Amino acid sequence: MSATDAPAPVRSNRAVAARAEWERRTNSFTELAQQVRTAGLNARTTGFYLTLFGVLVAALAGALTGLVLLGDSWFQLLIAVALGILFTQFAFLGHEASHRQIFATGPANDRFGRLLATGFVGISYAWWMTKHTRHHGNPNQIGRDPDIAPGWVSFTEDDAVHATGFNAWITRRQGWLFYPLMLLLGLDLHQASIRRLFRPGRLEGRALELTLISVRFALYLALVFWVMPVGLAFAFLGVQLGVFGLYMGISFAPNHIGMPIVPHGAKLDFLDKQVMTSRNVSGGWWATALMGGLNYQIEHHLFPGMPRPHLHQARVLVRQHCARYRVPYVENDLAAALTIVVRYINDVGWAARHSFSCPAAASMGRG
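Not measured: the values here are computed from a predicted model. (Residues numbered from 1 in each chain as written. Predicted model: local features only at pLDDT ≥ 70, side-chain atom pairs only at ≥ 80, totals over all residues. Heavy atoms only, no water.)

(A) Seen up close, helix H17 (residues 334-353). Under the 1.5 Å per step criterion, the end-to-end length of H17 is 28 Å for 20 residues, consistent within 8% with the ideal 28 Å. Buried within H17 we find Leu 334, Ala 337, Leu 338, Val 341, Ile 345, Val 348, Gly 349, Ala 351 and Ala 352. Down the axis of H17, the buried set is contained in an arc of 145°. They therefore lie on one face. At the N-terminal boundary of H17, the capping side chain belongs to Asp 333, with an oxygen 3.2 Å from the backbone nitrogen of Ala 335. (Helix = DSSP H or I, 4+ residues; strand = E, 2+ residues; numbered from the N terminus. Expected span 1.5 Å × (residues − 1). Buried < 20%, exposed > 50% of the residue type's maximum accessible area, 1.4 Å probe, protein only. Arc of directions from axis to C-beta. Polar contact = N/O pair within 3.5 Å; in protein donor to acceptor, adjacent residues only side chain to side chain.)

(B) The confidence of the model for the protein, seen in detail. When the pLDDT values of the protein are averaged, the result is 91; 90% of them are 70 or greater. Contacts from residues 356-367, a stretch scored under 50 in pLDDT, to residues over four places away or in other chains number five contacts. (pLDDT = per-residue confidence, 0-100. Contact = heavy atoms within 4.5 Å.)

(C) Expanded view of the packing of helix H3 (residues 46-70) against helix H5 (residues 106-121). Two numbers describe how H3 lies on H5: the axes approach to 14 Å, and their chain directions differ by 20°. For the element pair H3 / H5, the angle class is roughly parallel. Relative to H5, H3 is oriented so that their crossing is left-handed. Residue-level contacts link Phe 53, Val 57 and Leu 60 of H3 to Phe 112, Leu 116 and Phe 120 of H5. (Axes fitted to C-alpha atoms, helices over the stretch in contact; angles between N-to-C directions. Parallel < 35°, antiparallel > 145°, perpendicular 65-115°, else oblique. Left-handed = near helix turned anticlockwise from the far one by under 90°.)

What follows is the structure, given as structure tokens:
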């Protein structure tokens, strides 16, 4: 055998070993899921959710009572802050109902989720379900995850470079503008929901949701404008919507922004796809209360039906499993996560600021 033939078996053996390791890692999720089932972590915790719902309803009643009693007072803006926080907490519960985390049956979860999202928060449950289901199926994948589709903010350099008009102006500054833009997120969620409810095409529960949203906004706006002068009422609504949007933004933004972007046609196994594109936020119980369980984003994506109280136990099993199979598991504290988000968004915007388009190429459609 010549010297040049010697490395071939080595390369072959390495390829076989790599393939075996890949298959072992790919099939390992079954093992992890069995550990979770054995530990009983998929069991419903309906009592926890009903208690939390009762606390939030009591807090909402207290805030609305304070709104009526304060009358024409700029202290009403404190009530607006409280309502922004409470509506976000109701949204967390609606999110959990959509994942079948609260009750044992799908219809019961859907009824409760629609009441929470549409009746309390003012967001279309059906619209949210459609959008969020697509996100969970392909997190951070270009062309398949609606959460990274180009909009006011660009999440990929290619989208940033091709932004035009006012969007291009925002994109070039989006690192600085990201959190200020979150103040408008609440308004954007409301308008997107209403537009979807009026758009042609099949939408489950459309009539009920239109009724719930109409009643919700009619009662809420009537109360605000009845109690307060017009100027104060608009200030109140602005603060409430701003707090709601910002709170939603800082709760959802750390989940995936700044994590790997999956190319459009890429194929990943379930474990890699969900873990490598997600980020946990450390902090224990207070982070769970603040973010409605979204701080355990990795565990939530692996086991979307797992109730909030069990996620911290699942974290231990998932971390051990990822370490065993060398799957990157990312966890940051909230301040670090939010900093990473801004840095990533700024870096994407940098591509738009420093892109070069050749006029001659552009005239031929290649710019």
